[in-house]
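# Structural description and commentary
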Amino acid sequence: MWLIIWLSIAALLVIVEIATLGLTTIWFAGGALAAAIATHLGAGWMVQIVVFAVVSVVLLVFTRPLAQKHLLKNNEKTNVDSLIGSMSMVIETIDNQKQTGKIMLNGLEWSARSENGDVIEEDSEVVVQNIQGVKAIVSKK
């Protein structure tokens, strides 16, 4: 009976993973499969639950980052994400205290703030570190 339950849980989790592609439930499906094997070997329900939990967490913690790295390596940055790391020219002195500063980024004027609070003079070259709303967070090159 428990074998069927664990296999059903594993199948359900695989279906959820296929539907969501979140790379999360697949590791719990592995835990359910390990619990099914423990059931087949005659383990009690408490051991099955411990096997499920331990295997799921180990798979999640140790293999998820590796899988994400390999699966997302061809992930192309779009929209604002593609601007991070870009070089830009300061067209108005950036001063976080005075809340002033603009850069020219890909032919467009952006409001800008310094990442570390330093004043960055006009005509300086900067690197976009982050985008927060409509402001580019930059650092000196």
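Up top is the structure.
These notes cover the structure that comes with them.

Rules used in this analysis
Throughout this description, residue numbers start from 1 for each chain and increase along the sequence as written. Totals for whole chains, interfaces and linings use every residue, but because this is a predicted model, local features are given only for residues with pLDDT of at least 70 and side-chain atom pairs only at 80 or more, for both listing and counting. To get the side-chain values, take all heavy atoms of the structure and skip hydrogens and water. Here, axes are lines fitted to C-alpha atoms. For helices the fit covers the stretch in contact, and angles between N-to-C directions go from 0 to 180 degrees. The numbering of helices and of strands both runs from the N terminus, where a helix is a DSSP run of H or I of at least 4 residues and a strand a run of E of at least 2. Angles below 35 degrees are treated as roughly parallel, those above 145 as roughly antiparallel, those between 65 and 115 as roughly perpendicular, and all remaining angles as oblique. Each crossing gets its handedness from the near helix: less than a right angle anticlockwise from the far helix is left-handed, clockwise is right-handed. We call two residues in contact whenever any of their non-hydrogen atoms come within 4.5 Å of each other. Amino acid classes used here: Ala, Val, Leu, Ile, Met, Phe, Trp, Tyr, Cys and Pro are nonpolar; Asp, Glu, Lys and Arg are charged; the rest, including Gly, are polar. Residue burial is assigned from relative accessible area. The probe radius is 1.4 Å, only protein chains are included, and a residue is buried under 20% of its type maximum, exposed over 50%, and partly exposed in between. Nitrogen and oxygen atoms within 3.5 Å of one another constitute a polar contact, given that in protein one can donate a hydrogen and the other can accept it, and given that sequence-neighbouring residues count only through two side-chain atoms. Only rings of Phe, Tyr and Trp enter the pairing, Trp through its six-membered ring, and a pair is recorded when the two centres are within 6.5 Å. The plane angle decides the type: under 30 degrees is stacked, over 60 is edge-to-face, the rest tilted.

## Quick word on the packing of helix 1 (residues 2-20) against helix 2 (residues 25-40)
To describe two helices that pack against each other, one gives the angle between their axes and the distance between the axes. Relative to each other, helix 1 and helix 2 sit at 165°, their axes nearing to 8 Å. The orientation of helix 1 relative to helix 2 falls into the category roughly antiparallel. When you trace helix 1 past helix 2, the crossing you get is left-handed. Note on element contacts: helix 2 touches helix 1 through T25, I26, F28, A29, A32, L33, A35, A36, T39 and H40, opposite W2, L3, W6, L7, I9, A10, L13, V14, V16 and E17. Tallied by class, the residues present in the contact of helix 1 with helix 2 amount to 16 nonpolar, three polar and one charged.

## Things to note about the environment of S124
Mapped onto the secondary structure, S124 falls in the loop between strand 3 (108-114) and strand 4 (125-132). Given the relative accessible area of 14%, S124 is considered buried. Once the C-alpha coordinates of S124 and S88 are considered, the two residues, 36 residues apart in sequence, prove to be 8.5 Å apart. Not counting the four nearest positions on each side in its chain, S124 is found in contact with S88, M89, V90 and K140. Within the local environment of S124, its side chain forms a polar contact with the backbone oxygen of E121, the two atoms lying 2.8 Å apart.

## Describing the packing of aromatic side chains
In this structure the tally under the stated criterion is two aromatic pairs. With centroids separated by 5.2 Å and ring planes inclined at 35°, the aromatic side chains of W6 and F52 adopt a geometry described as tilted. Taken together, the residues W6 in helix 1 and F52 in helix 3 (residues 45-71) connect sequence positions 46 residues apart. Among the residues examined, W6 registers a relative accessible area of 6% and is labelled buried. Of the residues examined, F52 reaches a relative accessible area of 21% and is grouped as partly exposed. Seen in terms of ring centroids, F28 and F52 are 6.4 Å apart; in terms of plane orientation they differ by 45°. Their pairing is tilted. Linking F28 in helix 2 with F52 in helix 3, this pair joins segments that are 24 residues apart in sequence. Here the aromatic residues W6, F28 and F52 are joined through ring pairs into a cluster of three or more.

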